[in-house]
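A structural walkthrough
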Amino acid sequence: MLLDAHLILAGFRSYATYRAATIAGLFTNIVFGFLRGAILLAAIRQAGDIGGYSTTDALAYVWLTQGLIAVIAIWNWNELALRIESGDIATDLTRPIDPQRYWLARDFGRAAYALCIRGIGPVAVGFVLFDVTVPPDVWQWMSFVVSVALAVWISFGLRFIVNLAPIWLRDWRGALIVSNVLATLMSGFLMPIAWFPHWARVVMHALPWAGTTQAPIDVFLGKASGPSGIATIGLQAAWGFALFVCGRFALIAGTRKLVVHGG
Amino acid sequence: MNVVETHGLTKNFVVYERNGLIRRTREVRTAVADVSFSVAAGEMVGYVGPNGAGKSTTVKILTGILVPDAGTCSVAGFVPHKRRLELARRIGVVFGQRSNLWWDLPLIESFDLLRHLYRVDHQKHQANLDECVERLALEDVLKTPVRQLSLGQRMRGELTAALLHGPTVLFLDEPTIGLDVVSKAAVRDFLADLNRDRNTTVLLTTHDLDDIERLCKRLLIIDHGTVIYDGGLNELRDEYEPYRTLVVDLVTSGSPLAIDGAETVKVDGPRQWLRFHRDRYSASELINRVGEVAEIRDLTIEEPDIESVVAKIYTRQT
Ligand SMILES: Nc1ncnc2c1ncn2[C@@H]1O[C@H](COP(=O)(O)OP(=O)(O)O)[C@@H](O)[C@H]1O
Ligand SMILES: [Mg+2]
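Residues numbered from 1 in each chain as written. Chains lettered and ligands numbered in written order. Predicted model: local features only at pLDDT ≥ 70, side-chain atom pairs only at ≥ 80, totals over all residues. Heavy atoms only, no water.

A separate point is the packing of aromatic side chains. All names here are of chain A. On inspection of all chains with the given rule, the structure shows 16 aromatic pairs over all chains. Considering the side-chain rings of Tyr53 and Tyr61, the 5.9 Å spacing of their centres and the 90° angle between planes classify their relative orientation as edge-to-face. With respect to burial, Tyr53 and Tyr61 carry one shared label: buried. Aromatic side chains Trp75 and Phe189 sit 4.9 Å apart centroid to centroid with 90° between the ring planes, which places their arrangement in the edge-to-face category. Of the two residues, Trp75 is situated in the loop between α3 (55-72) and α4 (79-86) and Phe189 in the loop between α8 (172-186) and α9 (198-206); the sequence distance between them amounts to 114 residues. Residue class for Phe189 comes out buried when judged on its relative accessible area of 12%. Three or more aromatic residues joined by ring pairs form one cluster here, namely Phe127, Trp141, Phe144 and Phe220. Taking the ring centre of Phe189 as reference, the NZ or CZ of Arg36 above it sits at 4.1 Å. Between the NZ or CZ atom of Arg159 and the centre of the ring of Trp77, over which it lies, the distance is 5.2 Å. (Phe/Tyr/Trp six-rings, centres within 6.5 Å; stacked < 30°, edge-to-face > 60°. Buried < 20%, exposed > 50% of the residue type's maximum accessible area, 1.4 Å probe, protein only. Helix = DSSP H or I, 4+ residues; strand = E, 2+ residues; numbered from the N terminus. Lys NZ or Arg CZ within 6 Å of the ring centre and 35° of its normal.)

Now the structure itself:
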């Protein structure tokens with residue numbers, strides 16, 4: 001456990017050296033927050049509450065998801081894939097630590113750093129400037145925090161598997177693009193899952209991507225509270241675990257098949 | 001006791017070459033073929049060969065990263081690919097073209113993190129660190145982020161990183177690649193001391209023969225995946241390049257010396273070069289012979305450089 005703490009801290013410190021990228025990302029996330037907010041509000045004004053989202057719900061949704069982007073990092077993370085492609089993975093494998101454990105800890109460090117600036121930044125802007133829904137009690141706040149942590153775990157589980165792709169596929173970048181598209185569509189980031197037709201909602205809620213974005217939002221907004229809140233968080237935990245196990249098997253198969261490239 | 005042992009180690013890579021849009025040809029490339037050798041505790045062995053000979057592949061098998069297709073090996077008593085994590089605590093590995101360090105963090109933080117990764121107790125870690133920092137002159141760069149280090153500084157950092165947990169075997173894959181003369185010398189001196197003072201077993205992969213000349217009594221030469229020489233450096237010279245050259249500075253310039261069993265290959269004023277077979281003369285015998293016919297002011301013996309010896313082996317192979 002102490003080791004994991006050190007790895008998390010090292011991950012945090014590594015990512016913290018990229019200050020300019022952090023500021024640029026923060027700026028972009030805020031600008032897009034205004035854009036997405038304007039679009040959703042326009043839609044709601046036209047159609048009335050959609051899928052049970054009031055204007056204050058919709059604004060909370062927009063600014064929370066803008067804050068979650070960097071924290072869960074469901075798009076484009078390719079650090080591990082690049083190490084496999086270049087063969088640098090060789091040095092990771094000479095260390096006395098399981099690579100999955102190593103990368104998970106590092107990812108929590110990354111997420112913690114992202115939370116501090118790119119997570120809190122957009123949420124602070126949105127919540128100060130607009131009238132948004134906030135949880136009524138501490139209990140709901142705490143559930144939200146747990147749900148976000150699980151979202152990072154699920155997101156990592158998905159990314160870990162996709163990042164192992166270069167072991168089998170030379171064109172792993174294609175796999176990454178597919179995973180980006182799926183994440184955008186299925187996570188509830190494009191628009192709230194509640195806005196989709198009934199059949200799509202059922203499917204999307206059951207899949208792991210919802211656990212990265214829509215689940216924490218539902219918990220925050222109280223759309224999943226009481227038993228349904230427990231079910232939402234329970235499903236997140238189940239997906240986190242299932243993906244971890246899948247990642248485990250993929251890693252075992254991959255290490256056996258691994259061909260380390262380059263000198 | 002043998003720290004490293006291999007029998008009939010073989011590794012093939014399958015490569016697909018695309019010709020045309022859809023058609024690809026499958027080709028099996030043998031990187032390591034039937035390699036057998038052993039390294040005793042405390043030995044420092046040079047593993048030499050041209051690019052693509054199979055050196056790195058061997059190191060990757062011995063460190064448990066690659067699974068061999070055939071043959072067996074053991075390192076520090078473990079079958080590497082079956083017990084990779086346990087083996088990792090007992091070995092140190094440096095891949096000259098890669099990094100063991102965390103690019104974004106100051107050097108010292110990489111070292112701290114490695115202490116936790118390898119679960120080294122604080123005192124042992126500190127003692128090892130102090131020693132490396134002093135011998136490799138790293139004091140001034142400990143707080144510098146790794147990505148800002150020069151190659152020479154980084155490589156000294158890599159060596160430190162590989163040694164902090166006190167490994168019994170050290171695998172060095174081209175540790176001097178790309179280094180300037182001064183950094184190379186620093187790394188070599190350090191390795192020589194390490195092997196002498198701590199009795200660490202070292203397998204040193206290189207295509208820089210000066211490394212070997214300076215560090216290793218024994219060398220393995222590999223070419224096209226096969227070990228073609230395993231023995232001492234001096235024996236290698238004797239076997240493949242038995243000629244040496246005596247360079248004499250005579251008191252007076254004159255015609256080439258004519259000495260039975262030695263060939264005067266070059267004359268430059270009072271300086272003459274005599275090439276002789278080591279079975280025919282010992283150096284002192286030849287010097288006496290020369291002394292009988294001319295007055296010598298100064299002399300040196302030139303040993304064949306190992307580079308030309310190895311070049312000879314390679315050409316004899318093909
Ligand atoms: N991942 C790989 N895929 C295909 N061929 C490889 C791979 N790694 C090494 N090889 C081939 O195996 C041979 C030996 O490579 P390597 O062990 O890296 O040589 P060295 O370290 O002696 O330069 C080379 O012909 C190289 O092209
Ligand atoms: Mg190599």
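A few words on helix α5 (residues 151-163) of chain B. Residues and elements named next belong to chain B. With 13 residues, α5 extends 18 Å from end C-alpha to end C-alpha; this agrees with the ideal 18 Å at 1.5 Å per step. When you tally the buried positions in α5, you get eleven out of 13 residues, the bulk of the element. Among the residues of α5, Gly152, Arg154, Met155, Arg156, Gly157, Glu158, Leu159, Thr160, Ala161, Ala162 and Leu163 are the ones counted as buried. In this structure, the buried side of α5 is in contact with β5 (91-95), α3 (107-117), α4 (122-135), β6 (169-173) and α6 (181-198). (Expected span 1.5 Å × (residues − 1). Contact = heavy atoms within 4.5 Å.)

In this section: the domain arrangement of chain B. Residue and element names in this part refer to chain B. On domain assignment, one finds that chain B holds domain 1 (43-60 + 81-237) and domain 2 (241-317). One C-alpha centre belongs to domain 1, the other to domain 2; they are set 38 Å apart. On the side of domain 2, twelve residues touch domain 1, which itself brings 13 residues to the contact. Between domain 1 and domain 2, a total of about 1,100 Å² is buried, with carbon and sulfur atoms accounting for 71% of that surface. Per-residue buried area on domain 1 facing domain 2 is highest for Leu209, Ile228 and Arg237; these three make up 56% of the total on that side. Where domain 1 touches domain 2, the interface holds zero salt bridges. Joining domain 1 to domain 2, the criterion identifies one residue pair in polar contact (both at pLDDT 80 or more). (Domains from an automatic or database assignment. Buried area = accessible area lost by both parts, 1.4 Å probe. Salt bridge = Lys/Arg side-chain N within 4 Å of Asp/Glu carboxyl O. Polar contact = N/O pair within 3.5 Å; in protein donor to acceptor, adjacent residues only side chain to side chain.)

The next point concerns unusual backbone geometry. Residue and element names in this part refer to chain B. Positive phi values are uncommon outside glycine, yet Arg119 reaches one of about 50°. Of note, Arg119 is situated in the loop between α3 and α4. Owing to a relative accessible area of 53%, Arg119 belongs among the exposed residues under this scheme. A positive phi angle is found at His224, which is not glycine, with a value near 45°. Along the polypeptide, His224 turns up in the loop between β8 (218-223) and β9 (226-232).

A word on the sheet that holds strand β11 (residues 262-268) of chain B. All names here are of chain B. Taking strand neighbours across the sheet as the criterion, the four strands line up as β11-β12-β10-β13 in an open arrangement whose pairing is antiparallel. Of all strands in the sheet, those bounded by a partner on one side alone are β11 and β13 (296-302). In this sheet, neighbouring strand axes are inclined to one another by 20° on average, regardless of whether the strands run parallel or antiparallel. (Pairing = 2+ DSSP bridges. Axes fitted to C-alpha atoms, helices over the stretch in contact; angles between N-to-C directions.)

Turning our eyes to something else, we now look at the interface of chain B and chain A. On the chain A side, the residues contacting the 31 residues of chain B number 32 residues. When the area that chain B buries against chain A is broken down by residue, the three leading residues are B:Ile65, B:Arg98 and B:Leu117, summing to 22%. Along the contact surface separating chain B from chain A lie two salt bridges. Residues B:Arg98 and A:Asp88 are paired through a salt bridge, measuring 3.0 Å at the closest nitrogen-oxygen approach. No other element matches α3(B), which puts five residues into the side of chain B that touches chain A.

If you look at the biggest cluster of nonpolar residues, it comprises 149 residues, and the most contacted ones within it are B:Phe171, B:Leu191 and B:Leu236. Sort the elements by how many residues they give to this core and α3(A) lands first, with eleven residues. Counting contributing residues per domain, this core is built from domain 1 (43-60 + 81-237) and domain 2 (241-317) of chain B, each supplying no fewer than three. Beyond its immediate sequence surroundings of up to four residues, B:Leu236 is in contact with B:Leu219, B:Ile221, B:Tyr229, B:Glu241, B:Ile306, B:Val309, B:Val310 and B:Ile313. (Core = buried A, V, L, I, M, F, W, Y, C linked by side-chain atoms within 4.5 Å.)

Turning our eyes to something else, we now look at the confidence of the model for chain B. Atom-level detail of predicted coordinates should not be read off regions where pLDDT is low. Of the residues in chain B, 99% have a pLDDT of 70 or more, and the chain-wide mean is 91. Model confidence for the complex: the whole-complex pTM is 0.89, and ipTM, which rates the interface, is 0.89. (pLDDT = per-residue confidence, 0-100.)

Attention now goes to the packing of α3(B) against α5(B). Residues and elements named next belong to chain B. As a packed pair, α3 and α5 sit with axes 10 Å apart at the nearest point and diverge in direction by 15°. For the element pair α3 / α5, the angle class is roughly parallel. α3 and α5 meet at a crossing whose hand is right-handed. Packed against α3, whose contacting residues are Leu107, Phe111 and Leu114, the element α5 presents Gly157, Thr160 and Ala161 at the interface. Classifying every residue of the contact of α3 with α5 gives four nonpolar, two polar and no charged. (Parallel < 35°, antiparallel > 145°, perpendicular 65-115°, else oblique. Left-handed = near helix turned anticlockwise from the far one by under 90°. Nonpolar A, V, L, I, M, F, W, Y, C, P; charged D, E, K, R; others polar.)

Let's shift gears to helix α11 (residues 227-257) of chain A. Taking 1.5 Å of rise per residue, the 31 residues of α11(A) would be expected to cover 45 Å, and the 44 Å separating its terminal C-alpha atoms lies within 8% of that figure. Buried residues of α11(A): A:Gly229, A:Thr232, A:Ile233, A:Gln236, A:Gly240, A:Leu243, A:Gly247, A:Ala250, A:Leu251, A:Gly254 and A:Thr255, and no others.

This paragraph deals with the confidence of the model for chain A. This prediction gives chain A a mean pLDDT of 94; 98% of its residues lie at or above 70. Of all secondary-structure elements in chain A, the lowest mean pLDDT belongs to helix α5 (residues 89-93) of chain A, at 93, while helix α10 (residues 214-221) of chain A reaches the highest, 98.

Below, the discussion takes up a nonpolar patch on the surface. Residues and elements named next belong to chain A. There is a patch of nonpolar side chains on the surface, built from Phe27, Val31, Phe32 and Leu35 and spanning about 400 Å² of accessible area. Tracing the backbone shows Val31 in helix α2 (residues 19-47). Taking relative accessible area as the criterion, Val31 reaches 35% and is therefore assigned partly exposed. (Patch = residues over 30% accessible without salt bridge, like charges linked within 9 Å, V, L, I, M, F, W, Y side chains within 5 Å. Areas by Shrake-Rupley, 256 points an atom, 1.4 Å probe, with all protein chains shown as cover.)

Here is the idea: a disulfide is a covalent bond, and it sits between the sulfur atoms of two cysteines. Under the counting rule described, the total for this entry stands at zero disulfides over all chains. Free of any disulfide, B:Cys132 has its nearest neighbouring cysteine sulfur in B:Cys216, separated by 19 Å. (Disulfide = S-S within 2.5 Å.)

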